[in-house]
Amino acid sequence: MTDDLNVLAGAYALDALDDDERAVFEEHLAGCQECTEEVRGLRNTAAEFSQLSQAGPPPELRAAVLGAVSKTRPLPPLIAGARVLPLRRSRTVALWQGLAAACALVAVVVSAWGLAQHREAQRATNARASVVQSLLAAPDVRATTTALKQGQGTLLSSRSEHRLVLIARGIPVLPTDETYQLWLMSESGAPVSGGVFRPDEHGNVELPASGNLDGVDRMGVSVEPAGGSAQPTLSTVQVIKL
Amino acid sequence: MTSMWFERSDSGSPKAEAAPTPEDLVAAAARGDEQAFAELYDLTSSRVYGMVLRVVRDPAQAAEVTQDIYLEVWRQSARFDPGKGGVLPWLLMIAHRRAVDRVRSAQSSMVRDDKYALLNTERPFDSVSEQVQTSLEAQRVRRVLEDLTPAQREAVTLAYFGGYTHTEVATLLKVPLGTVKTRIRDGLIRMRDALGVTA
């Protein structure tokens, strides 16, 4: 647990973070059980505030809501433990291409240091750059690039170090109540969450994740309700081969 | 508004029977039961609308946002996970996020008049108390909020009812951001423990 980030749990529970801060915190939340529980408790507490502001809605709102509801199909449930099938064939590019892309990214990120206006953003950028750099130093680093329905994703991964970084471009921005989630997938067993993420306003993503990659042969990216899900929403999953 | 898949039997039954919980109603809504959803609306709409109204201020906008919220809850009903907590916190989480999104997007298209904002948020807690609810639950929440330090109370209410980001709260209160982060978290933790809220 990072103390710096943990202190944001209160502001997160009150929706008092801006979009960038929220994305960084949600990234952290996906891997921190302690914070997840704290956030849950604080959100339940925040809900109690609404006891103090109760007010009856205008009577005509009821008919308007129910009218809209009767014309809308509820989303299907999430299926637990379901197998996720690749939607598109991925293409592995020569390692040097991936490395070049990653190095270019590092250069951009590093040069962005001097320009960063906010200390928090700077700290996050700093951490990301060093994650990419240290991963590139791993002896068994692999790079895979896959075209997604929109945009493309590059995965840098090291099985020996149990780490990977997803770098994606041209990823559509989601409404605030939805988030992307990364999944580690293997032939045997249910997908394991690799964290939630949101692209920046240019559709760029840099998501470091860690976990046991033994047996993991694909990564999935799905669209989930804010905060992420225990299992991927099948209809939205796109697959990147490792 | 009849149920598509099964008849609800409780419409004419004596009141003595246990009323369905919000969790039951969401489970039925997930199967397309519009009547159950109407009951959920009746059970929760004054909590949702009242909170949204406090945040966005304008009744017409509050009604619009509230309608969006319930439509979203209907769409997401099959994805509600009872293992992660109750229906009411889930619904209010969706609602608060939407209310805050509304004020923040309005703000980006029209710079908020600081003087107006300060005038109206100077005593956010006291203006809440003007509409004091008589319910025992509401009285309990009020007492717990009163037990916070004034600094904590101001920070949490500006964030929750004011819809401000913690950076904006820090600017409004003229204190460092780190101080506001701590006040908000400590204040909420104190309330959680006093109310006996569980994760």
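Since this is a predicted model, take the numbers as computed values, not measurements.

Novice: Please clarify how the overall build of chain B should be interpreted in this entry.
Specialist: Counting secondary structure elements, chain B contains 10 helices and zero strands. Going through the 199 residues of chain B one by one, you find that 45% of them count as buried. Counted over contacts in chain B with a minimum sequence separation of 6, partners at least 24 positions apart contribute 62%. Approximately 9,700 Å² of chain B is accessible, and the part contributed by carbon and sulfur atoms is 54%.

Novice: Got a minute to help me understand the interface of chain B and chain A in this structure?
Specialist: Each partner contributes to the interface: chain B provides 67 residues, whereas chain A provides 58 residues. Each partner contributes to the roughly 6,100 Å² buried at the junction of chain B and chain A, and carbon and sulfur atoms together form 61% of this total. Together, Arg79, Arg97 and Arg185 of chain B form the three largest contributors to the area buried by chain B at its contact with chain A, with a combined 13%. In this assembly, chain B and chain A are joined by three salt bridges. A salt bridge links Arg97 of chain B to Asp15 of chain A; the shortest N-O distance between them is 3.1 Å. At the boundary of chain B and chain A, one finds 19 residue pairs in polar contact (both at pLDDT 80 or more).

Novice: What is the right way to look at the environment of Arg43 of chain A in this model?
Specialist: Considering the arrangement of structural elements, one finds Arg43 of chain A in helix α4 (residues 33-48). In this structure Arg43 of chain A touches Tyr12 and Ala13 of chain A together with Met93 and Arg97 of chain B, once residues within four positions along its chain are discounted.

Novice: Where do I start with helix α10 (residues 177-195) of chain B in this structure?
Specialist: Helical geometry note: an α-helix holds 3.6 residues per turn, so side chains three or four residues apart project in the same direction. Residue and element names in this part refer to chain B. Helix length check: α10, at 19 residues, gives a terminal C-alpha distance of 27 Å against a target of 27 Å (1.5 Å per residue), a fit within 8%. Turning to α10, its buried residues number three or more, namely Val180, Lys181, Ile184, Arg185, Gly187, Leu188, Ile189, Met191, Arg192 and Leu195. Trailing α10 by a residue or two, Gly196 shows a phi angle of about 70°, which is positive.

Novice: How should I be thinking about the pattern of salt bridges in this particular structure?
Specialist: Between side chains of opposite charge, a pair can form when the charged atoms approach closely. Applying the stated rule across the entire model yields 10 salt bridges over all chains. Of the charged contacts in the structure, one is a salt bridge between Arg62 of chain A and Asp42 of chain B, with a shortest N-O distance of 2.7 Å. Linking Arg62 of chain A in helix α5 (residues 60-70) with Asp42 of chain B in helix α2 (residues 34-56), this pair reaches from one chain into another. Overall, the relative accessible area of 44% leaves Asp42 of chain B in the partly exposed class. One salt bridge in this structure joins Arg102 of chain B and Glu64 of chain B, with 3.0 Å as the shortest N-O distance. Note that Arg102 of chain B is positioned in helix α4 (residues 87-109) and Glu64 of chain B in helix α3 (residues 59-76), a separation of 38 residues in sequence. The structure contains a network of salt bridges with shared partners spanning Glu72, Arg75 and Arg98 of chain B.

Novice: Can you help me understand α5 of chain A in this one?
Specialist: Taken together, the buried positions of α5 of chain A are Leu61, Val65, Leu66, Ala68 and Val69 of chain A. What you see down the axis of α5 of chain A is that its buried residues fit within an arc of 160°, all on one side. Every exposed residue of α5 of chain A that faces more than 90 degrees away from the buried side is listed here: Glu60 and Ala63 of chain A. Packing partners of the buried residues in α5 of chain A comprise α2 and α3 of chain B.

Conventions used here
Residues numbered from 1 in each chain as written. Chains lettered and ligands numbered in written order. Predicted model: local features only at pLDDT ≥ 70, side-chain atom pairs only at ≥ 80, totals over all residues. Heavy atoms only, no water. Helix = DSSP H or I, 4+ residues; strand = E, 2+ residues; numbered from the N terminus. Buried < 20%, exposed > 50% of the residue type's maximum accessible area, 1.4 Å probe, protein only. Contact = heavy atoms within 4.5 Å. Areas by Shrake-Rupley, 256 points an atom, 1.4 Å probe, with all protein chains shown as cover. Buried area = accessible area lost by both parts, 1.4 Å probe. Salt bridge = Lys/Arg side-chain N within 4 Å of Asp/Glu carboxyl O. Polar contact = N/O pair within 3.5 Å; in protein donor to acceptor, adjacent residues only side chain to side chain. Expected span 1.5 Å × (residues − 1). Arc of directions from axis to C-beta.

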